[in-house]
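# Coordinate inspection notes
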Amino acid sequence: GLPLTAQEVGEALADRYAETRDGAPPRALCDAIAAAHGAPAEAIDLELLVRVVLHIHAAGGDGAILVFLPGWSEIAEAVKALGASAASRELELFPLHSRMPTHEQHAIFAPPPVGRRKVVVATIIAETSITVEDVVYVVDCGRARLTSVNELSLVSALRTCFYAKANGFQRRGRAGRCRPG
């Protein structure tokens, strides 16, 4: 992606924080987002991702959070970190990957128990293949795992890379499909 400064991040998020006490996003959040945006594609700051999810949970209204990560290992790490957080008793965590059994995938469509927020941590499968009706927030690491071919050996492999802008718009559009978000 294009490098972003903390100031640019703050300006981009300003309208979402206009009615808060400070009228601006926290400086530490802007610094962390700017640093993560400048990292190589393989480097995903799961600590930042968890902090963003917990911030949304603490500051946001009701509704599910959909988190996009490139693969199963990142999903497992994020679910583990969220499950170990102080807010874990208030979160209903659902990993979602195409290789999961169908009955486990269907669990994401059920509403969470009263007093708990649904958090779906998914791969690209949630970009176009499904619609989780109660998603109001989307957290996206900006990366996907895609098949690439080594031109010298002609061997294909999965590689984590930044995705196209259109993919970002598609992921952003997963929030508010069936209710405002």
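Here's a quick rundown of the structure. Because the structure is predicted, anything quoted here is derived from the model rather than measured.

### What to know about the packing of helix 3 (residues 46-59) against helix 4 (residues 72-83)
Look at helix 3 against helix 4: their axes get within 10 Å of each other, and the N-to-C directions meet at 50 degrees. With respect to helix 4, the axis of helix 3 lies oblique. Considering how the two elements wind past one another, helix 3 and helix 4 form a crossing that is right-handed. Each of Leu46, Leu49, Val50, Val53 and Leu54 in helix 3 lies in contact with helix 4, whose residues at this interface are Glu74, Glu77, Ala78, Ala81 and Leu82. Grouping the constituent residues of the contact of helix 3 with helix 4 by class yields eight nonpolar, no polar and two charged.

### Quick look at the nonpolar core
In this structure, Val67, Leu69, Val119, Val121 and Val139 are the most contacted members of the largest nonpolar core, which totals 24 residues. Counting residues per element, the ones that place at least two in this core are helix 2 (27-37), helix 3, strand 1 (64-68), helix 4 and strand 3 (117-122). Looking at which element gives the most residues to this core, the answer is helix 3, with seven residues. Not counting residues up to four positions away in its chain, the partners in contact with Val119 are Val53, Ile65, Val67, Leu82, Leu91, Glu92, Leu93 and Phe94. Counting residues in hydrophobic clusters, the runner-up holds 11 residues, among them Ala64, Phe68, Leu96 and Ile108.

### Quick look at helix 3
When the terminal C-alpha atoms of helix 3 are compared, their 20 Å separation across 14 residues agrees well with the 20 Å that a helix rising 1.5 Å per residue should span. When we look at burial in helix 3, the residues that qualify are Leu46, Leu48, Leu49, Val50, Val52, Val53, Ile56 and His57. In this structure, the buried side of helix 3 is in contact with helix 2, strand 1, helix 4, strand 2 (91-96), strand 3 and strand 4 (135-140). Two or three places before Glu47, at the opening of helix 3, Asp45 has a side-chain oxygen 3.2 Å from that residue's backbone nitrogen.

Thresholds applied
Residues numbered from 1 in each chain as written. Predicted model: local features only at pLDDT ≥ 70, side-chain atom pairs only at ≥ 80, totals over all residues. Heavy atoms only, no water. Axes fitted to C-alpha atoms, helices over the stretch in contact; angles between N-to-C directions. Helix = DSSP H or I, 4+ residues; strand = E, 2+ residues; numbered from the N terminus. Parallel < 35°, antiparallel > 145°, perpendicular 65-115°, else oblique. Left-handed = near helix turned anticlockwise from the far one by under 90°. Contact = heavy atoms within 4.5 Å. Nonpolar A, V, L, I, M, F, W, Y, C, P; charged D, E, K, R; others polar. Core = buried A, V, L, I, M, F, W, Y, C linked by side-chain atoms within 4.5 Å. Buried < 20%, exposed > 50% of the residue type's maximum accessible area, 1.4 Å probe, protein only. Expected span 1.5 Å × (residues − 1). Polar contact = N/O pair within 3.5 Å; in protein donor to acceptor, adjacent residues only side chain to side chain.

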